[in-house]
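Summary of structural features
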Amino acid sequence: MSQSSIPVASQRSGGSGNVEEGRVFINGRVAIGSTDDDFVCATLDWWPPDKCDYGTCSWGRASLLNLDLTNKILFNAIKAFSSLKIRMGGTLQDKVIYQRTGDQQPCAQFVKNSSEMFGFSEGCLPMSRWDELNQFFRDAGAVVIFGLNALSGRSIGMDGLATGAWNGSDAESLIQYTVNKGYTIHGWELGNELTGNGVGAGVPADQYASDINTLQSMVQKIYASYEAKPLVIGPGGFFDASWYTEFIDKTLKSLQVVTHHIYNLGPGVDDHLIDKILDPSYLDGGSKPFQDLQSILQNSATSATAWVGEAGGAYNSGHNLVTNAFAFSFWYLDQLGMASSYGNKTYCRQTLIGGNYGLLNTTTFVPNPDYYSALLWHRLMGRNVLSTSFNGTKKIRAYSHCSKQSPGITLLLINLDGNTTLRVQVSTENDGNNRTSTLQSKNQTQRSNFASTREEYHLTAKDGNLHSQTLLLNGKVLTVNSSGSIPPLEPISVSSLDPITVAPFSVVFARFPDVNYPACSRSTQMEMDKFVASQRSGGSGNVEEGSVFINGRVAIGSTDDDFICATLDWWPPDKCDYGTCSWGRASLLNLDLSNKILLNAIKGAWNSSDAESLIRYSANKGYTIHGWELGNELTGNGVGAGVPADQYASDINTLQSMVQKIYAGFEVKPLVLGPGGFFDASWYTEFIDKTLKSLQVVTHHIYNLGPGVDDHLIDKILDPSYLDGGSKPFQDLQSILQTSATSATAWVGEAGGAYNSGHNLVTNAFAFSFWYLDQLGMASSYDTKTYCRQTLIGGNYGLLNTTTFVPNPDYYSALLWHRLMGRNVLSTSFYGTRKIRAYAHCSKQSPGITLLLINLDGNTTVQVQVSTENAGNRTSTLQDTDKTQRSNFSRMRRVSKIDASVREEYHLTAKDGDLHSQTLLLNGKVLTINSSRIVPPLEPIRVSSMDPVIVAPFSIVFVRFPNINYPACKYK
């Protein structure tokens, strides 16, 4: 049974219903359109709480003037997109005035008045609220579009026609204020639904064009000193072909974006909305405005592009339990697919929150189903749109794009049939003769070398109820947690040999990572060459070749899942070394535990009675302690003091008895750890032999670079022989444990490299990542289960800056190791320059392997071939494997341009190539926390596995090969 069959089967009504076959045809030769990266957009409106439709008041406190900007769900919902466009506007925007600096007049709110246009009086935007909105959107990472009042200065006749020119003085004041405050606005849009006859009022096309020209001049003047200026957008109305044609022809040099609105389902009061949504013919009819606007733009001299500026489907606030329920995802996703196919760059959903069509619930802020549909589109569907058709039932809607920021393609399938399950084959059209072949048949050839899988995201309604506001992803309910965090959207992995199973009334996103179309080409090797060149000093330097050999038959060691560990120390601010006091307020006694960066970055003499009191208090309070460690650096001669091995062993036995007694009622008890000292072979041998039943973890400390005051630390770090010498304590301790009857495992309990607080701009700079990552690789190779870095914060060797809490380079090195390097360690050797250090593990919680390469040479770029040892000790390169694979694909490459395998690469370099730099670059881009103190995403670049790994001078590369299946790396 395939993995996909389990969630899909659960969506069928009692297992009943029909099963039909169908086929999707995708032409990947040339993209038929392209969107903005931030194609998905949502609106925020002005409607006050007493805006009502058909006796229902659905807006609550969702207005731009009263929305609760402190709500965590709201913040997290926007943040999850990384760059969600927010269009601020709507019907009442043409009745908004903007408070001016120094204006003593009260800033009046909207008041309901049936005699006024739109049923409300004029309203005012206070600048204090404008400040709050901009600060919120900046922190949430939103891209802001603001709709300006286009009726200012006009007279409105009895026939609804607005006459006279636009008075832009109020808008100019707002724009100038915005620039002075440093707020970023992506675009200024003029007016709302004033096209044609308009809604409430209409403006002739020629006058509207003149007003747009005025706005463009205003923007050019105010932003004169800015290289990047906001877009000028309009008209934000319902599409009228003749009106739009004239408007576009008269704004050729002033308009960047043409916006139109979509409410093609009719009024929200309509009881037949779901019938329309489930009718393929009705949905098809929605393509006409897209087609017509595309034709106008193509036949005009304008460079403007099309956006859907507002789309709520059903006007007058939508329909509760339809436009805010699962059923609406059919209409919404079909609209996204259709709009992108006709060249629309952005699609703004009415609303993010407010009315009965919000992506978020107006009262609770909890995401409605369409929020998750939008988020999946945003994360999976890339810019380039592919020609897609479906052969089978008319109830399947199919769209495909190149995948978002990753290789492959993503297919969207929508099943409008509540009784039929579809089994869909995916076929590709070739370059030359329009013959087709299935991805499934191609993958049967591919299976001989690399297992090919796709990722599937199945969306269904709870209990199959189209009116449900609860969405299931792969059979599991999606819901925010108690912290208001958006849940992860995890796919299931399915063999690409199997058809896609689309359950009744369901939506499926399917991502094929191994499909490489010409329309989706990313020229990754050119990008890589450019990146590597930028790391060389003035473009000079040597290029050498080398080979890594990885044996994946049997793991040579294993680590804990949480192998990465960091320490917090007790040193007070006046702990100083060599005249420098580097600890600040980083002690366990004074560390600022409220610091947002800290929260985001981690998500004496033995006195048994004192310890027993603390341990008992901790157990009574329900605090979880993973382990209790006895003592610090008291082994051998000790640091300051030493304890004989036999006495230390006796004390460990006492601690173990204490833990057993206090945690007697607990199924899982804390570990007992020790001795936490510098390795001394004879001392450790005696200690271990006398703690056979009481000790779970043997800890040792590493400061093998010597004192922090040493000016030659970097010389040691860059010396392969010196680094090799660091293996001896690992080897010796492993040997002691293997020859002992103990079941204890080894940890590095503390490692700062250079003692006495390290060395500023060395042990807290990029250079130290060479030593640190080499230590992690070496320790894990000798079966060390955990490695604790001294420190998380404090001294000159902290992962975080002691004063600002900003991550130092090693923080990101540690985080990448934690995310990429799995438990099982593989035998790895490098043939070539001695300046390359190489380690490999099975990948972390995913198929494949991850290779770590460290280049200690500042003048040489190394091109690395990766080879694998087979069961008979013969070797073959991954690149050769792909060449064999490529020959198997020789015929089909003309058909679908499938490239069998890609890898992910993470290149770490210092800013300006300076080893003393505390600024780290990932794939050429600076890593830095944002204004909300959030740790940045760590995104790879994708490279063909047929190409060598390019390791620039003084750089580090993590390389993940997702399609390598070793016996040592069996992944479930």
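Residues numbered from 1 in each chain as written. Predicted model: local features only at pLDDT ≥ 70, side-chain atom pairs only at ≥ 80, totals over all residues. Heavy atoms only, no water.

In the nomenclature of an unreviewed UniProt entry, the protein chain corresponds to Heparanase-like protein 3 from the organism Vitis vinifera. Turning to the protein chain, the UniProt record has this under Sequence similarities (unreviewed entry): "Belongs to the glycosyl hydrolase 79 family." (UniProt positions renumbered as here; feature names shortened; annotations may be inferred.)

1. Notes on the state of the cysteines
A full pass over the atoms with the stated rule returns 7 disulfides. Each sulfur of the disulfide joining Cys52 and Cys57 lies 1.9 Å from the other. One quick way to see it: the torsion about the S-S bond of Cys52 and Cys57 is about 90°, and its sign makes the bridge right-handed. Residue classification places Cys52 among the partly exposed residues on the basis of a relative accessible area of 29%. By relative accessible area, which is 47% here, Cys57 ends up partly exposed. With its sulfur 2.0 Å from that of its partner, Cys402 forms a disulfide with Cys520. Note on the Cys402 and Cys520 pair: the S-S dihedral is about -80°, so by sign convention the disulfide is left-handed. Linking Cys402 in strand β18 (residues 396-403) with Cys520 in the loop between β27 (506-512) and α13 (524-535), this pair joins segments that are 118 residues apart in sequence. Relative accessible area serves as the criterion here: at 6%, Cys402 is assigned to the buried category. (Disulfide = S-S within 2.5 Å. Buried < 20%, exposed > 50% of the residue type's maximum accessible area, 1.4 Å probe, protein only. Helix = DSSP H or I, 4+ residues; strand = E, 2+ residues; numbered from the N terminus.)

2. Topic: the nonpolar core
Trp130 and Phe509 are the most contacted members of the largest nonpolar core, which totals 130 residues. Considering each element in turn, this core owes the most residues, 9 residues, to helix α10 (residues 327-341). Apart from the residues lying within four places of it in its own chain, the contact partners of Trp130 are Met88, Leu125, Phe146, Leu174, Tyr177, Thr178, Tyr183, Ile185 and Trp188. Core analysis: the second largest hydrophobic core is formed by 56 residues, Leu723, Phe770, Tyr811 and Leu852 among them. (Core = buried A, V, L, I, M, F, W, Y, C linked by side-chain atoms within 4.5 Å. Contact = heavy atoms within 4.5 Å.)

3. A short note on helix α9 (residues 288-298)
Since the α-helix advances by 3.6 residues per turn, residues separated by three or four positions end up pointing in the same direction. Every buried residue of α9 is listed here: Phe290, Leu293, Ile296 and Leu297. Along the axis of α9, the buried residues cluster in a sector spanning 130°; they form a single face. Taken together, the buried residues of α9 touch α6 (241-249), β12 (257-262), β14 (305-311), α10 and β16 (344-349). (Arc of directions from axis to C-beta.)

4. Some thoughts on the sheet that holds β14
The 8 strands lie next to each other as β3-β4-β7-β10-β11-β12-β14-β16, forming a closed barrel whose pairing is parallel. Mean inter-strand twist for the sheet, computed between neighbouring axes without regard to direction, equals 25°. Pairing between strand β10 (residues 187-190) and strand β11 (residues 231-238): 3 bridges, direction parallel. Each bridged residue has a counterpart across the sheet, and for Glu189 the counterpart in β11 is Ile233. Across the sheet, helix α3 (residues 127-140) lies against β3 (40-44), β4 (85-88), β7 (143-148) and β10, angled at about 165° from β4, the strand it touches most. The sheet contacts of helix α4 (residues 169-180) involve β7 and β10, and relative to β7 the element is tilted by about 160°. (Pairing = 2+ DSSP bridges. Axes fitted to C-alpha atoms, helices over the stretch in contact; angles between N-to-C directions.)

5. Describing unusual backbone geometry
Backbone torsion omega between Gly234 and Pro235 reads 5°, so that peptide bond is classified as cis. Among the structural elements, Pro235 can be located in strand β11. Cis peptide bonds are those with omega within 30 degrees of zero, and the linkage from Gln790 to Thr791 qualifies with 5°. Note on placement: Thr791 falls in the loop between β37 (784-789) and α22 (809-820). Positive phi, close to 55°, is recorded for Tyr578, a residue that is not glycine. Mapped onto the elements, Tyr578 comes out in the loop between β30 (564-566) and α14 (596-601). By relative accessible area, which is 42% here, Tyr578 ends up partly exposed.

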